[in-house]
Amino acid sequence: MDLDALAGCLSSSACLVTQTTSGLIIGMLLFLVAVGLTLIFGVLKVVNFSHGAFYMFGAYFAMAAYQLTGSFALAMLAGAAGTAILGLIFERVFMSRVYGADVLMQLLVCYAFVLIFDDVVRIIWGPEFKSMGMPSAFQVMPLFIAGGVVPPYYLLLIGVALVAAVVLGFGLSRSRIGKVIRAAAHNPGMVSALGINTGLIYGGVFALGGMLAGLAGALAAPVRSLTPGMGFSVLIESFIVTVIGGMGSILGALIGALLLGLIRSFGSLGFPLFTEGLMYLFMVIVLVSKPTGLFGKEAA
Amino acid sequence: MTELEAGRAQALAPVRGGAALQRYRDVLIALVAFAVLASLPLFTGSKALLDFVIRCSAYGLFATSLNLLVGYTGLTSFGHGMFFGLGAYGFGLIMQKLGVPIPVAVVATLAITAVIAAIIGAICVRLKEIYFAFVTLAFQMLIHSTILSWASFTGGDQGLRGGIPRPAFLGINLANHIHLYIASCALLVLGLLAMRQIAQSPFGYTLRMIRDNAARASFLGIDVWRAKLTVFVLAALFASMGGMVMALFVSGAYPEFAYWTISGEAIFINMLGGVSTFLGPMVGTVLLLLLNDTVTRFTEYHGIVLGVVILFFALGLRKGLLDFVAEWFSQRRDAGEGR
């Protein structure tokens, strides 16, 4: 424990800004992964245990595209589009067979794919740590806000995630497609009787969820190292986010992810050895006091 | 559970003889199994085969204890491996730091496991199935990260090295390979027998009722939370026992013992062997270990092979191997009775 470091940081505005931004980017990346997880759960009623693999593929796709074309925009596109297609295929060919089966079966199918996907990445890109490198457009002087150092790339990352959150939130609550999706989550039989292809909706939602995770991976690629199995810790953390925020709630995922990001960045100062433990501790506290999560409704 | 499955479960339930008779039969089977296993070294000098049986004992205890949760109670724990790791580390640490006789260390480890399992269980067992699966997984990762970060105590990512002292007690010297083998077999048979008794007891049938209809069980005056917590702790004890056998076998403890893949493997073992029969997980253990040993000999990418096999079982068969055999037998019996 190093409470002095924590107190020292809290009293200095420079350190406060630096730690808060680093907490925010952790939180925003987590949000993108978690919101896909919560969306898929809300509509399809399955927990995509292989969701971390989409994050991993997003990062690797982005790195491959960046090395091929040298364009950052294309890299992001490759990460998002590649995982969207992967998600669609995965849902239609495999996951759609275990709807309504017990949780064990769904977990197993996903577990099988975690093993397979990790090895596929190992075969294609090798087992060693990879790095995509920061695109030259962002290799500029960092901004100084109240004495704290903020790399411009962080601002882009936070901005993209916020845009995704707003588009998703409004899309689901206002647009026609959003209404159909919510209806399908509520009563798929009725929606299908009204002549809407629910299989298409399921595939689409899964692709969207996979795409969000892939986008998070692509955004993380310049600032994190890439390795097979990198998706798993992200999966666990994003699951903690959905548990804290409440399964199926987008706002909950956002708040939960930001809280977790801040806990990580400030916790690493005060409790360097127990940072992960702090997250679990926080989850337990939330679960004990409000089992459905901060923004969760009673399970339907 | 659908009506069809319920009907099948009924057909599988023992019909012949009373509870006492069945208990004698179980004890008899256990004695015969132990006699066969214990006499194995007389016929073969193959150390590899004996090692294989020891590993089967460790994993078999662990996987069967998970079946108490998954198959009998309907609690899909995805973090059961934490108790396996806890057993291995608890036992190893007690032996290394305190140097007490082995039976004392075993009892102490079980006591520690019981306390931790009761705390984690009290938080987890009221959660609905998916939440339960993932929160148990989160606790597993918490324990794993504690082991990794508390390097001065647990050895961190290097694991508990330097060997675990194995002083002789009551004429049993576990440093001797044959003694270790016999002790592992005895622990396996005793553990399986104890779990069988739990499963066939009135408490075991209470668990099945909770699995099939928790609301009805609650209306009948059963404290569902307490029953689930009890079986959670009991299962943890047997998993911890498996971990101790593993620690004795490798003479150490490694962070992988507490990693989530151990839980994943245990779930897969249950799936492979089948959860509708008591011995299903044991069959699954033997199959998985055989599969692992064969695959790792041919390719370094055993994740792919294992994944494809899992998919075959999950999507193709949709049940475990012993489930199939049991169904086949009951169908044959029905046909034989002219139904």
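Going by what an unreviewed UniProt entry lists, chain B is known as ABC transporter permease and is assigned to Bradyrhizobium nitroreducens. In the Subcellular location (unreviewed entry) part of its UniProt record, chain B is described as follows: "Cell membrane".

Identification of chain A as ABC transporter permease from Bradyrhizobium nitroreducens is taken from an unreviewed UniProt entry. UniProt, in its Subcellular location (unreviewed entry) section for chain A, records the words "Cell membrane". Among the UniProt annotations of chain A, the heading Sequence similarities (unreviewed entry) holds the following wording: "Belongs to the binding-protein-dependent transport system permease family. LivHM subfamily."

K.L.:
Can you walk me through helix 3 (residues 51-69) of chain A in this structure?
P.N.:
Residue pairs spaced three or four apart in an α-helix point in one direction, given the helix's 3.6 residues per turn. Residues and elements named next belong to chain A. With 19 residues, helix 3 ought to run about 27 Å at 1.5 Å a step, and its terminal C-alpha atoms sit 27 Å apart, in line with that. Counting buried positions over the 19 residues of helix 3 gives 15, a clear majority of the element. In the segment just after helix 3, Gly-70 is the residue with positive phi, at about 75 degrees.

K.L.:
Before we go on, may I ask you to explain the UniProt feature "transmembrane region" (unreviewed entry) in chain A in this structure?
P.N.:
Residue and element names in this part refer to chain A. Feature annotation in UniProt assigns "transmembrane region" (unreviewed entry) to the following positions: residues 24-44, 49-66, 72-91, 103-125, 153-173, 194-219, 239-262 and 269-288. Helix makes up 100% of residues 24-44 and strand 0%, and the two end C-alpha atoms of the span are 29 Å apart. The distance separating the terminal C-alpha atoms of residues 194-219 is 39 Å; by composition the span is 85% helix and 0% strand.

K.L.:
Mind showing me how you'd approach the UniProt feature "transmembrane region" (unreviewed entry) in chain B here?
P.N.:
Per the UniProt record, "transmembrane region" (unreviewed entry) is annotated on residues 27-46, 52-70, 102-123, 130-153, 178-199, 229-254, 266-291 and 303-321 of chain B. Across residues 27-46 of chain B, helical content stands at 85% and strand content at 0%; the span's end C-alpha atoms are separated by 29 Å.

K.L.:
Explanation requested: the packing of helix 11 (residues 250-270) of chain A against helix 12 (residues 275-289) of chain A in the structure shown.
P.N.:
The angle between the axes and the distance between the axes are what describe a pair of packed helices. All names here are of chain A. Running from N to C, helix 11 and helix 12 cross one another at 140 degrees; their axes reach a closest spacing of 9 Å. As for the relative orientation of helix 11 and helix 12, their crossing is right-handed in sense. Across the interface between the two elements, Leu-260, Ile-263, Arg-264, Gly-267 and Ser-268 of helix 11 pack against Thr-275, Leu-278, Met-279 and Phe-282 of helix 12.

K.L.:
What am I meant to see in the nonpolar core here?
P.N.:
Grouped together as the largest cluster of nonpolar side chains are 199 residues, with contacts concentrated most on Leu32(A), Ala59(A), Ala62(A), Leu108(A), Phe134(B) and Ala138(B). The dominant element in this core, judged by the number of residues it contributes, is helix 2 (residues 13-44) of chain A, at 17 residues.

K.L.:
For this particular structure, what's the right way to read the confidence of the model for chain B?
P.N.:
Caution is warranted with low-pLDDT regions, since their predicted coordinates should not be read in detail. All names here are of chain B. Of the residues in chain B, 92% have a pLDDT of 70 or more, and the chain-wide mean is 80. Averaged pLDDT values for the elements of chain B fall to 47 in helix 1 (residues 3-12) and rise to 90 in helix 11 (residues 224-250). Contacts of residues 1-12 to residues separated by more than four positions or lying in other chains number nine contacts, the stretch itself having pLDDT below 50. Two summary scores accompany this predicted model of the complex, namely pTM at 0.80 and ipTM at 0.74.

K.L.:
Help me out: how do you make sense of the interface of chain A and chain B in this one?
P.N.:
Many authors give the size of an interface as the accessible area that is lost as the parts come together. Contacts between the two partners involve 33 residues from chain A, matched on the other side by 32 residues from chain B. At 15 residues, helix 5 (residues 103-125) of chain A tops the list of elements feeding residues into the side of chain A that touches chain B. Here the side of chain A that touches chain B is composed, by residue class, of 27 nonpolar, one polar and five charged.

Reading guide: rules and limits
- Residues numbered from 1 in each chain as written.
- Chains lettered and ligands numbered in written order.
- Predicted model: local features only at pLDDT ≥ 70, side-chain atom pairs only at ≥ 80, totals over all residues.
- UniProt positions renumbered as here; feature names shortened; annotations may be inferred.
- Helix = DSSP H or I, 4+ residues; strand = E, 2+ residues; numbered from the N terminus.
- Expected span 1.5 Å × (residues − 1).
- Buried ≥ 20, exposed ≤ 12 C-beta atoms within 10 Å, placed from the backbone.
- Axes fitted to C-alpha atoms, helices over the stretch in contact; angles between N-to-C directions.
- Left-handed = near helix turned anticlockwise from the far one by under 90°.
- Contact = placed C-beta atoms within 7 Å.
- Core = buried A, V, L, I, M, F, W, Y, C linked by C-beta atoms within 7 Å.
- pLDDT = per-residue confidence, 0-100.
- Nonpolar A, V, L, I, M, F, W, Y, C, P; charged D, E, K, R; others polar.

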